[in-house]
Amino acid sequence: MKKSFCVLLLALASLLAQAETVLRGTGDLGIVIERASGSVQIVDTTHQTVIGHVAGLGDLSHASAVFSRDQRYAYIFGRDGGLSKVDLLTATLVKRILQAGNSIGGAISQDGRLVVSQNYEPGGIKAFDAETLALVADVPSTYGSEGKRSKVVGLADLPGQRFAYALFDAGEIRITDLSDPAHPKTLAYPAGKQPYDGLVTPDGRYYIAGLFGEDGLALLDTWQPDQGVRKVLAGYGKGEEPLPVYKMPHLRGWSIANGRAYLPAIGRHEVLVVDTRSWEEVSRIAVKSQPVFVMARPDGREVWVNFAFPDNGWVQVIDTRSNTVSDTLQPGKAVLHMEFTPRGEAVWISARDDNRVNIYDTASHKVLRSFAAESPSGILFTARATRTGF
Amino acid sequence: MQRGLGLVMSLMAAVPALAQSSQPTLERQQTLIHMVRQDCGSCHGLTLKGGLGPALTADALHERSMDALAATIINGRPGTPMPPFQGLLNEADVQWIARQLLAGFPEIR
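Let me begin by describing the structure that accompanies this report. Every chain's residues receive numbers from 1 upward, in the order its sequence appears when written. Think of it this way: whatever chain is written first is A, whatever ligand is written first is 1, and the rest follow in order. Where local features are concerned, this predicted model is filtered to residues with pLDDT of at least 70; where side-chain atom pairs are given and counted, the filter is 80 or more; whole-chain, interface and lining totals use all residues. Side-chain numbers come from the whole structure's heavy atoms, not from hydrogens or water.

### Notes on the overall build of chain B
Link 1 in the chain: In this description a helix means any DSSP run of H or I spanning at least four residues, a strand means any run of E spanning at least two, and both kinds are numbered starting from the N terminus. Along chain B, the regular secondary structure elements total five helices and zero strands.
Link 2 in the chain: In sequence order, the secondary structure elements of chain B are arranged as α-α-α-α-α.
Link 3 in the chain: The contact rule is simple, with two residues in contact once any of their heavy atoms fall within 4.5 Å. By sequence separation, contacts in chain B at least 24 residues apart represent 60% of the contacts at least 6 residues apart.
Link 4 in the chain: Per-residue accessibility takes into account occlusion by the displayed protein chains alone, with areas from the Shrake-Rupley method and a 1.4 Å probe. Surface exposure of chain B reaches about 6000 Å², of which carbon and sulfur atoms provide 59%.

Structure follows, in structure tokens:
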């Protein structure tokens, strides 16, 4: 009798232990995109471990993701137009649709109800119900008199269910208001030659499109968009012949640090620093090669930079007090992406051709841990769910 | 066959340095396959079905000549994001890549 009671207690205890391992939060989770195999690893940034793997996500060769506001689901946009909703807790693919022929990424609305894709083919943006992935709005990027559709780049969410994006072929910034998805309202602003990506400042006010076809960036104040686009850092190339760009830089709100925006120059091996109040140039910092990601540590004290092929084995760290390069690292072969933990004590760096992710301590710049991943590219953490422009 | 020979001969006339260069080693070929799929793929797609840059599948390129492709790789395309690969690739590399693209580019092993 006594013995069976003990057995019962033991069984109860093990059940409780099981329940404990099942219940968990998602605020310290994230995904690592495995670009060549169409899969993602699900990672835990507290324990620095891989906790799951989800495959069958199509062509992830240029993939990005946004997160539901409860930080449970990742919406992953694939190059092939696939949009996959992945449950991070159960490590399962909840739903997958093919929404375009060629896609480049997406965004999520302020209220978390709309997931919006930006597409090259057919050019435009599409909005989906975040719950069901049902199509709720289709906004083609038509321009000119012949009904051509531009490739869409730089999609970012703005407050008020609005989305800002740029048209590579048409040289425009557009803002689409999806507060009534059945009747989208779009305004267009001439921006300059060949915008290649865009960002919105963390407060959701300024939208900046980087321009490939000219020296300068296009700035739109979305609090007073009727004032139109203003060029910032115009003529930063000083008329010099641009160097070849073997990979387009990427822009996001991560470039804002210490009251300044740290922006990749195009065709120059420089990071350009601009004041976010006056939008005047503060400094320019010579770096190793063509910058791709110029990302501020969340406290803004440092900015980490990676580079285009063939110099993609390097990462440099900029000290934002002195605006100088304070460290040069070699995290591995083909460094494609970096992601800071929510408060920035660590940064995870993908080294595609080493098939590894390396986790760096941002205080010592030393490797804390390293783990295997198949051709890793984007690393994206759920804390993005709480940030405008991510 | 005849047409292929004509193409090679016209290429030899147009770009003698290219036609005379030798085939990359098997190891170099693997490096080139990796580079085209992974790095050119950042604009043209890992599947080469296109992105910011145009599709580079055999179907998409069937009206292009090998010397035009080789010239684009070497010199880039001014006014577009296509950069020149002169200095990163030698003539044998470029010729081999152009030939593989026209035939349908190999997968990474």
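### Quick notes on the overall build of chain A
Link 1 in the chain: Helices and strands together make up the secondary structure of chain A, namely one helix and 34 strands.
Link 2 in the chain: A compact globule built from 390 residues should have a C-alpha radius of gyration of about 21 Å, and chain A, at 22 Å, falls within 12% of that.
Link 3 in the chain: Across its three principal axes, chain A shows a C-alpha extent of roughly 90 × 50 × 35 Å.
Link 4 in the chain: Accessible area is worked out with a 1.4 Å probe on protein chains only. A residue is then buried under 20% of its type maximum, exposed over 50%, and partly exposed in between. Within chain A, buried positions represent 59% of all 390 residues.
Link 5 in the chain: Contacts in chain A between residues at least 24 apart in sequence constitute 42% of all its contacts with a sequence separation of at least 6.
Link 6 in the chain: Counting every atom, chain A has about 15700 Å² of accessible surface; 52% of that belongs to carbon and sulfur.
Link 7 in the chain: For chain A, the centre of its 41 positive side-chain charges and the centre of its 42 negative side-chain charges are spaced 3 Å apart. Values of the radius of gyration come from C-alpha atoms, whereas the globule rule sets the reference at 2.2 Å times the count of residues to the power 0.38. By the counting rule applied here, Lys and Arg register as positive and Asp and Glu as negative, while His and the ends of each chain are not counted. Charge positions come from single atoms, namely NZ of Lys, CZ of Arg, CG of Asp or CD of Glu.

### Things to note about the interface of chain B and chain A
Link 1 in the chain: Contact residues are listed per partner, giving 21 residues for chain B and 23 residues for chain A.
Link 2 in the chain: Across the interface of chain B and chain A, roughly 1800 Å² is buried in total on both sides, 56% from carbon and sulfur atoms.
Link 3 in the chain: Here, a salt bridge means any Lys or Arg side-chain nitrogen found within 4 Å of an Asp or Glu carboxyl oxygen. Scanning the region where chain B abuts chain A turns up one salt bridge.
Link 4 in the chain: One salt bridge in this structure joins arginine 352 of chain A and aspartate 39 of chain B, with 3.3 Å as the shortest N-O distance.
Link 5 in the chain: Between N or O atoms, a polar contact is any pair within 3.5 Å; within protein, one atom must be a potential hydrogen donor and the other a potential acceptor, and residues adjacent in sequence are included only when both atoms are from side chains. Between the two partners, chain B and chain A, sit nine residue pairs in polar contact (both at pLDDT 80 or more).
Link 6 in the chain: Taken together, the residues of the side of chain B that touches chain A sort by class into nine nonpolar, ten polar and two charged. The quantity reported as buried area is the accessible area (1.4 Å probe) lost by two parts once they are put together, taken as the sum for both. The nonpolar class holds Ala, Val, Leu, Ile, Met, Phe, Trp, Tyr, Cys and Pro. Asp, Glu, Lys and Arg form the charged class, and all remaining residues, Gly among them, are polar.

### As for the packing of aromatic side chains
Residues and elements named next belong to chain A.
Link 1 in the chain: Within 6.5 Å between ring centres, the rings of Phe, Tyr and Trp (the latter by its six-membered ring) count as paired, and their orientation is classed by plane angle as stacked under 30 degrees, edge-to-face over 60, tilted in between. Following the criterion strictly, the structure yields ten aromatic pairs over all chains and no others.
Link 2 in the chain: An angle of 70 degrees between the planes, with centres 5.6 Å apart, marks the rings of tryptophan 348 and phenylalanine 371 as edge-to-face. With tryptophan 348 in strand 31 (residues 346-351) and phenylalanine 371 in strand 33 (residues 367-372), this pair connects stretches of sequence that are 23 residues apart.
Link 3 in the chain: Judged by relative accessible area, which is 0%, tryptophan 348 ranks as buried.
Link 4 in the chain: Residue classification places phenylalanine 371 among the buried residues on the basis of a relative accessible area of 6%.
Link 5 in the chain: Positioned over the ring face of tyrosine 73 is lysine 85, at 4.6 Å from the centre of the ring.
Link 6 in the chain: The side chain of arginine 387 reaches across the aromatic face of phenylalanine 390, ending 4.1 Å from its centre. The criterion is that NZ of a Lys, or CZ of an Arg, lies within 6 Å of the ring centre and within 35 degrees of the ring normal, and then a charge sits over that ring.

### Thoughts on the nonpolar core
Link 1 in the chain: Put simply, a nonpolar core is a bunch of buried Ala, Val, Leu, Ile, Met, Phe, Trp, Tyr and Cys residues held in one set by side-chain atoms that sit within 4.5 Å of each other. In this structure, Ile173, Tyr207, Leu233, Leu263 and Trp279 of chain A are the most contacted members of the largest nonpolar core, which totals 39 residues.
Link 2 in the chain: Among all residues touching leucine 263 of chain A, those that are not within four sequence positions of it are Leu199, Leu217, Leu233, Leu251, Ser255, Glu270, Val271, Leu272 and Val274 of chain A.
Link 3 in the chain: If you look at the next biggest cluster of nonpolar residues, it comprises 23 residues, including Tyr246 of chain A together with Ile73, Phe85 and Leu89 of chain B.

### Side note on the sheet that holds strand 20 (residues 217-221) of chain A
Residue and element names in this part refer to chain A.
Link 1 in the chain: Strands pair, by our definition, only if DSSP identifies at least two bridges between them. Read from one edge to the other, the open sheet built from four strands follows the order 18-19-20-21, with strand pairing classed as antiparallel. Taken across any chain shown, the strands that pair with only one partner, and hence form the sheet edges, are strand 18 (195-200) and strand 21 (229-232). Recorded for the sheet is a direction-independent mean angle of 25 degrees between the axes of neighbouring strands.
Link 2 in the chain: As judged from the four bridges shared by strand 20 and strand 21, these two strands associate in the antiparallel manner. Bridging across to strand 21, leucine 220 finds its partner in valine 229. Axis lines are fitted to C-alpha atoms, over the contacting stretch for helices. Their N-to-C directions set the angle, which ranges from 0 to 180 degrees.

### Focus: the packing of helix 3 (residues 26-44) of chain B against helix 5 (residues 91-103) of chain B
Residue and element names in this part refer to chain B.
Link 1 in the chain: For the pair helix 3 and helix 5, interaxial distance at closest approach is 11 Å and the crossing angle is 60 degrees. In the crossing of helix 3 with helix 5, the sense of the turn from one axis to the other is right-handed. Of helix 5, the residues touching helix 3 (which contributes Arg28, Gln29, Leu32, Ile33 and Val36) are Asp93, Trp96 and Ile97.
Link 2 in the chain: Tallied by class, the residues present in the contact of helix 3 with helix 5 amount to five nonpolar, one polar and two charged. With the far helix as reference, a near helix turned anticlockwise by less than a right angle produces a left-handed crossing, and one turned clockwise produces a right-handed crossing.

### Regarding the sheet that holds strand 11 (residues 135-140) of chain A
All names here are of chain A.
Link 1 in the chain: If you walk across this open sheet you meet the four strands as 8-9-10-11, and the pairing is antiparallel. Both outer strands of the open sheet, strand 8 (102-108) and strand 11, are each paired with one neighbouring strand and no more. Mean inter-strand twist for the sheet, computed between neighbouring axes without regard to direction, equals 20 degrees.
Link 2 in the chain: Here strand 10 (residues 124-129) pairs with strand 11 via five bridges, running antiparallel. Of the residues in strand 11, the one forming a bridge with isoleucine 125 is valine 139.

### With respect to helix 3 of chain B
Link 1 in the chain: A residue's bend is given by the angle between axes fitted to the 7 residues ending at it and the 7 residues starting at it. At valine 36 of chain B, helix 3 of chain B shows its largest bend, some 30 degrees.
Link 2 in the chain: Directly after helix 3 of chain B, the chain includes glycine 45 of chain B, whose backbone phi takes a positive value near 90 degrees.

### Some points on the state of the cysteines
Residues and elements named next belong to chain B.
Link 1 in the chain: Any two cysteine sulfur atoms lying within 2.5 Å of each other are counted as a disulfide. In total, this model carries zero disulfides over all chains according to the counting rule given.
Link 2 in the chain: Unpaired in terms of disulfides, cysteine 40 finds its nearest cysteine sulfur in cysteine 43, a separation of 9.0 Å.
Link 3 in the chain: For cysteine 40, a relative accessible area of 18% corresponds to the buried category.

### Considerations on unusual backbone geometry
Residue and element names in this part refer to chain A.
Link 1 in the chain: The omega torsion of the bond from glutamate 121 to proline 122 falls at -10 degrees, within 30 degrees of zero and hence cis.
Link 2 in the chain: Looking at where proline 122 falls in the secondary structure, it is placed in the loop between strand 9 (114-121) and strand 10.
Link 3 in the chain: Phenylalanine 309 connects to proline 310 through a cis peptide bond whose omega is 0 degrees.
Link 4 in the chain: Mapped onto the secondary structure, proline 310 falls in the loop between strand 27 (302-307) and strand 28 (315-319).

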